[in-house]
Amino acid sequence: MSSSAPRAGAWSKDFKLHEIYSRLGRFLPPAMKQALLELMRMSRICRMVLATCLGSFVLVIFYFQSMFQPVMRRNPFATEACCPKGSHNALQELYNPTQAEFSGASFLHQARRDQVAEACRALGPPGAPPRLTPATCATWWWTTSTSCCARARQPQDPRPVQRPEINHRLNSFLKFLFVREPFERLVSAYRNKFTLKALRSGADVRFPEFARYLADPATRRDGPLNEHWAPVHSLCHPCHLRYDLVGKYEALEDDANYLLRLAGVAPRLRFPSFAKSTRTTDQMAAAFFHNVSAQQQALLYQLYRLDFLMFNYSMPSYLQLH
C-alpha cells in the first residue's frame, strides 16, 4: 500500500499536465507546442531548476532597468523630461525663434547676453559652480522647476553626477539667471534678514553698520560673503557658465512668463503677481544710503561694480561719489 501511493500521486500530476497540454495546444503555434511537450517530458526537478533560472533572469532585467533609467531621467531641469509640451525646442526658440511672439524678446535677451560677455572678456572665466541667486525669487523657481517635472521624475540617484552628464546638461539644458539692481537687492536683503529679525528678537542692526561691515576689506578676507548680499558675478559666475536667458527683477513677470512660454507650460503655469508696495524701490534704497558715508558708498560701489556693468545698471544718482 505504501509503495502505490507515490505512483498514484505522480500519475495524477502527469494526468493534469497532459490535460493542460491538450487544452493549450489548440491555441499555441507548432514551435511553442513542441517546446511545451519537451518541458512536460522533463523530470520535476528539471522543471523546478528551469523555472528558477527564468525567474532569476527576469529579476536581473528589472534590476538593470531600474538602475539605468534614473541616470537618464533623474534631473528635473532636463527640457526633454520636464514638461514635454514645447520644452524640447526651448533653446531653438530662444536663439532662433520661429514664432512671432518670441522674436522681440529674443533680441532683448541676446543684447543682455552680449552685455555679460563684453564685461567678462576682461576678467577670464572663474572656475566655481553657479548657484541660485537670492532676492530674485529663487525659492519660487526652485519649487516650480522641481514640481513641474514630478510626473517625469524618477527617485533621485544617490551617486554623484559624472562629468559626461554635467557636460550634457550644460550643452542641452536651458540655463537662466535672474538679476536685480545691486543696491536695491542689498537693501532688500537687509530689510528681510535684519529689520524683520529685529522686530522679532530686538537685535537691531542699523543699515550704516551693515554697510560698514560690507565695505571693510577684512570682511572678505575672513571668507565669502553671505549669498543674500554677495555680488551676483561671484555667486553665479556668468563668465564661467554661459546663461541662455538673463532675466531682470525690474521686468520679473514679463521675463518669467516668457521663460515659462519657452518651456511650454504657459498658460497652465504663470508667474505670480506680487504687491508692489512691499518691493524695495530705488527711492527706498536712496533713503537707506542717505546715512552712509561717501567713502563707504564708494567702497560698496567697487564691491558691486561688475554687477552694474555686466547687467547694464547705471550708477545710482543718489551716490555721493566725488
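Cut-offs and rules
- Per-chain numbering applies: the sequence of each chain, read as written, is numbered from 1 onward.
- For a predicted model such as this one, the threshold for reporting local features is a pLDDT of at least 70, and the threshold for listing and counting side-chain atom pairs is 80 or more; totals across whole chains, interfaces and linings nevertheless cover every residue.
- Working from all heavy atoms in the structure, the side-chain values ignore hydrogens and water.
- UniProt positions are given in the numbering used here, feature names are shortened, and annotations may be inferred rather than shown by experiment.
- Each residue's exposure class comes from its accessible area (1.4 Å probe, protein chains only) as a fraction of the maximum for that residue type: buried when under 20%, exposed when over 50%, partly exposed otherwise.
- In this text, helices come from DSSP runs of H or I with a minimum length of four residues, and strands from runs of E with a minimum of two, each type numbered from the N-terminal end.
- In this analysis, strands are considered paired if DSSP registers two or more bridges between them.
- Interaxial angles span 0 to 180 degrees and are taken between N-to-C directions of axes, which are lines fitted to C-alpha atoms, for helices over the stretch in contact.
- Helix crossings fall into two classes, left-handed where the near helix is turned counterclockwise from the far one by less than a right angle and right-handed where it is turned clockwise.
- Whether two residues are in contact is decided by their heavy atoms, any of which lying within 4.5 Å being enough.
- Charged residues are taken to be Asp, Glu, Lys and Arg, nonpolar residues to be Ala, Val, Leu, Ile, Met, Phe, Trp, Tyr, Cys and Pro, and polar residues to be all remaining types, Gly included.
- When the centres of two rings from Phe, Tyr and Trp lie within 6.5 Å, Trp using its six-membered ring, the rings pair. Their planes under 30 degrees apart give stacked, over 60 give edge-to-face, and anything left gives tilted.
- Note on geometry: a ring has a charge over it if NZ (lysine) or CZ (arginine) is within 6 Å of the ring centre and within 35 degrees of the ring normal.
- What is meant by a nonpolar core is a set of buried Ala, Val, Leu, Ile, Met, Phe, Trp, Tyr and Cys residues, joined one to another through side-chain atoms within 4.5 Å.
- Salt bridge, as used here, is a side-chain nitrogen of Lys or Arg placed within 4 Å of a carboxyl oxygen of Asp or Glu.

As recorded in an unreviewed UniProt entry, the chain goes by Carbohydrate sulfotransferase and comes from Anguilla anguilla. Under the heading Subcellular location (unreviewed entry), UniProt records this for the chain: "Golgi apparatus membrane". Within the UniProt record for the chain, the comment given under Sequence similarities (unreviewed entry) is "Belongs to the sulfotransferase 2 family."

Enquirer: Give a description of the pairing of strand E2 (residues 245-248) that names residues and reports values.
Expert: The side-chain alternation of E2 yields two buried faces, one formed by Leu245 and Gly247 and the other by Val246 and Lys248. Bridge analysis of strand E1 (residues 176-179) against E2 gives 4 bridges, and the strand direction is parallel. Bridging across to E2, Phe178 finds its partner in Gly247.

Enquirer: A description of the packing of helix H6 (residues 100-120) against helix H13 (residues 252-262) should follow, citing residues and the corresponding values.
Expert: The geometry of H6 relative to H13 is characterised by a closest axis approach of 12 Å and an angle of 115° between their N-to-C directions. Every pair of crossing elements has a handedness; the one defined by H6 and H13 is left-handed. In contact with Glu101, Phe102, Ala105, Ser106, His109 and Arg112 of H6, H13 contributes Asp255, Tyr258, Arg261 and Leu262. For the contact of H6 with H13, the residue count by class is 4 nonpolar, 2 polar and 4 charged.

Enquirer: I'd love a proper account of the packing of aromatic side chains, names of residues and values included.
Expert: Counted under the stated rule, the structure contains 17 aromatic pairs. With a centroid separation of 5.7 Å and an interplanar angle of 25°, the aromatic rings of Tyr190 and Phe194 are classed as stacked. One end of the pair, Tyr190, and the other, Phe194, are both in helix H9 (residues 182-201), 4 residues apart, so they sit about a helical turn from each other. Here Tyr190 matches Phe194 in class, with each residue buried. Ring centres 5.2 Å apart and planes at 80° place the aromatic pair Tyr190 and Phe207 in the edge-to-face group. One end of the pair, Tyr190, is in helix H9; the other, Phe207, is in helix H10 (residues 207-215), with 17 residues separating them in the sequence. Tyr190 sits in the buried class, given a relative accessible area of 6%. Look at Phe207 and you get buried, because its relative accessible area is 4%. Put simply, the rings of Phe183, Tyr190, Phe194, Phe207, Phe210, Trp229, Phe288, Phe289, Tyr301, Tyr304, Phe308 and Tyr318 pair up and form one aromatic cluster. Stacked on the ring of Tyr249, the Lys or Arg Arg180 has its end atom at 3.9 Å from the ring centre.

Enquirer: I'd love a proper account of the nonpolar core, names of residues and values included.
Expert: By size, the foremost hydrophobic cluster in this structure holds 39 residues, and its most contacted members are Phe183, Leu186, Phe207, Trp229, Phe289 and Phe311. Where this core is concerned, the elements lending two or more residues are H6, E1, H9, H10, helix H12 (232-235), helix H14 (282-289), helix H15 (294-303) and helix H16 (305-310). When residues in this core are grouped by element, the largest group, 6 residues, is from H9. Residue contacts for Phe289: discarding those within four places in its chain leaves Phe183, Leu186, Val187, Phe207, Gln297, Leu300, Tyr318 and Leu319. With 15 residues, the next largest nonpolar core counts Ala256, Leu259, Leu262 and Phe271 among its residues.

Enquirer: Just give me the short version of the pattern of salt bridges, but keep the residues and values in it.
Expert: For the coordinates displayed, the defined rule picks out 5 salt bridges. Between Arg169 and Glu165 there is a salt bridge, and its shortest N-O distance comes to 3.1 Å. Of the two residues, Arg169 and Glu165 both sit in helix H8 (residues 163-172), 4 residues apart, roughly one turn of that helix. Glu165 carries the same exposure label as Arg169, and that label is buried. We note a salt bridge from Glu209 to Arg206, for which the minimum N-O separation is 3.8 Å.

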